[in-house]
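Breakdown of the fold
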Amino acid sequence: MNLFLYGIALVIGVAMGCVAFEFGLVDKDFCKKTLLSLFRALKKAASFLYELFYEELKGEPLPDKVRNISYLLTDQEALELVSTLSGHPYDTPTLASYSVDGQGIAWYDIHAVGLAPAYKECPPRQVARICSHLVQNFFMESRGTQIALYLKVVSPTRLCLAVPLSVSAQRLLEAQTEEKRQGVSPANRDSLTETVPVSGEEDGASDDTRL
């Protein structure tokens, strides 16, 4: 019933917009922006309905949303992962939090006293590459495969890792990465806007480099 009412409201809105444009009450740019917003809303609604009907009929999530649990680490393995970063490149790294969000993304939030002495002069991107190699090596040793890995925050006192567990989760992270690469302004962001989990005190948060 609610979807039916939304559909009626959408049709009425489009009709009113066309009438307003015909009589010159609104300019062309406004109409384009409005139609683009309506198109995005329709696309999201269609995607939602498809997913809803698929799960209702099949009794299971969409293939793209099926999570690969082999990429999940146990709590003990997550601690071992953090230990591999001790001294290379972090000084006394600790696991502040480890969780899986509703999008199917595993988050590892790691805090540290700072960079180890040998890495204090390393630029953030070099630190990021070192961390990426070490994490991939860990998964290769423990799972026999490399993973899709996203370093969301890299600073001398914090490292935040995101590991997608499904195709849709990886697609979301890729879209966020592309969004940043293109320099999309906050005003134009919609569902792609990322949320980096926050845990405890964020010492040195001003040094965070989001990649």
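Residues numbered from 1 in each chain as written. Predicted model: local features only at pLDDT ≥ 70, side-chain atom pairs only at ≥ 80, totals over all residues. Heavy atoms only, no water.

Side note on the pairing of strand β3 (residues 105-111)
Inclusion rule: The classification of residues rests on relative accessible area computed with a 1.4 Å probe and restricted to protein chains. Under 20% of the type maximum is buried, over 50% is exposed, and intermediate values are partly exposed. Working definition: helices are DSSP H or I runs of at least four residues, strands are E runs of at least two. Numbering for both runs from the N terminus. In short, DSSP must find at least two bridges between two strands for them to pair.
The buried count for β3 comes to 7 of 7 residues, which makes it a mostly enclosed element. The side-chain alternation of β3 yields two buried faces, one formed by Ile105, Trp107, Asp109 and His111 and the other by Ala106, Tyr108 and Ile110. With 6 bridges connecting them, strand β2 (residues 94-100) and β3 associate as antiparallel partners. Opposite serine 99, over in β3, you have tryptophan 107 as the bridge partner. Between β2 and β3, which pair antiparallel one after the other, the connecting turn spans 4 residues, and glycine 104 there sits at a positive phi close to 85 degrees. Across 7 bridges, β3 lies against strand β6 (residues 158-164) in antiparallel orientation. Its bridge partner being in β6, tryptophan 107 is matched across the sheet by alanine 162.

A few points about the pattern of salt bridges
What counts here: We define a salt bridge as a contact between a side-chain nitrogen of Lys or Arg and a carboxyl oxygen of Asp or Glu at a distance within 4 Å.
Enumeration over the complete set of coordinates arrives at 3 salt bridges. In this structure, the salt-bridge partner of aspartate 109 is arginine 158, at a minimum N-O distance of 2.9 Å. Note that aspartate 109 is positioned in strand β3 and arginine 158 in strand β6, a separation of 49 residues in sequence. Exposure remark for aspartate 109: the relative accessible area of 1% places this residue in the buried category. Arginine 158 gets classed as buried once you look at its relative accessible area, which sits at 3%. Between arginine 181 and glutamate 178 there is a salt bridge, with its nearest N and O atoms 2.4 Å apart. Placement of both arginine 181 and glutamate 178 in helix α5 (residues 167-181) is noted, with a separation of 3 residues, approximately one turn of the helix.

A closer look at the packing of aromatic side chains
This is how it is decided: Pairing of aromatic side chains here covers Phe, Tyr and the six-membered ring of Trp, requires ring centres within 6.5 Å, and sorts the geometry by plane angle: under 30 degrees stacked, over 60 edge-to-face, intermediate tilted.
Tallied over the entire structure, the rule returns 2 aromatic pairs. Both rings, one in tyrosine 98 and one in tyrosine 108, keep their centres 4.6 Å apart while their planes meet at 15 degrees; by these two values the pair is stacked. Note that tyrosine 98 is positioned in strand β2 and tyrosine 108 in strand β3, a separation of 10 residues in sequence. Ring geometry for phenylalanine 138 and phenylalanine 139: centres 6.2 Å apart, planes at 80 degrees, overall edge-to-face. We classify phenylalanine 138 as buried; its relative accessible area is 9%. Take phenylalanine 139: its relative accessible area is 0%, and that puts it in the buried class.

Quick notes on the environment of proline 93
Inspection of the secondary structure puts proline 93 in the loop between β1 (90-91) and β2. Judged by its relative accessible area of 12%, proline 93 falls in the buried class. Spatially, the C-alpha atoms of proline 93 and leucine 115 are 9.2 Å apart, while their sequence positions differ by 22 residues.

Observations concerning the packing of helix α3 (residues 75-83) against helix α4 (residues 124-143)
Rule in force here: Here, axes are lines fitted to C-alpha atoms. For helices the fit covers the stretch in contact, and angles between N-to-C directions go from 0 to 180 degrees. Angle categories: roughly parallel below 35 degrees, roughly antiparallel above 145, roughly perpendicular from 65 to 115, and oblique for all the rest. Crossing handedness is defined as follows: a turn of the near helix away from the far one that is anticlockwise and smaller than a right angle gives a left-handed crossing, while the clockwise case is right-handed. Only heavy atoms enter the contact rule, under which two residues are in contact if any of them lie within 4.5 Å. Charged residues are taken to be Asp, Glu, Lys and Arg, nonpolar residues to be Ala, Val, Leu, Ile, Met, Phe, Trp, Tyr, Cys and Pro, and polar residues to be all remaining types, Gly included.
As a packed pair, α3 and α4 sit with axes 10 Å apart at the nearest point and diverge in direction by 140 degrees. When the axes of α3 and α4 are compared, the pair comes out oblique. In the packing of α3 onto α4, the handedness of the crossing is right-handed. Together, Glu77, Glu80 and Leu81 of α3 and Val135, Phe138 and Arg143 of α4 make up the contact between the two elements. Here the residues of the contact of α3 with α4 are counted per class, giving 3 nonpolar, no polar and 3 charged.

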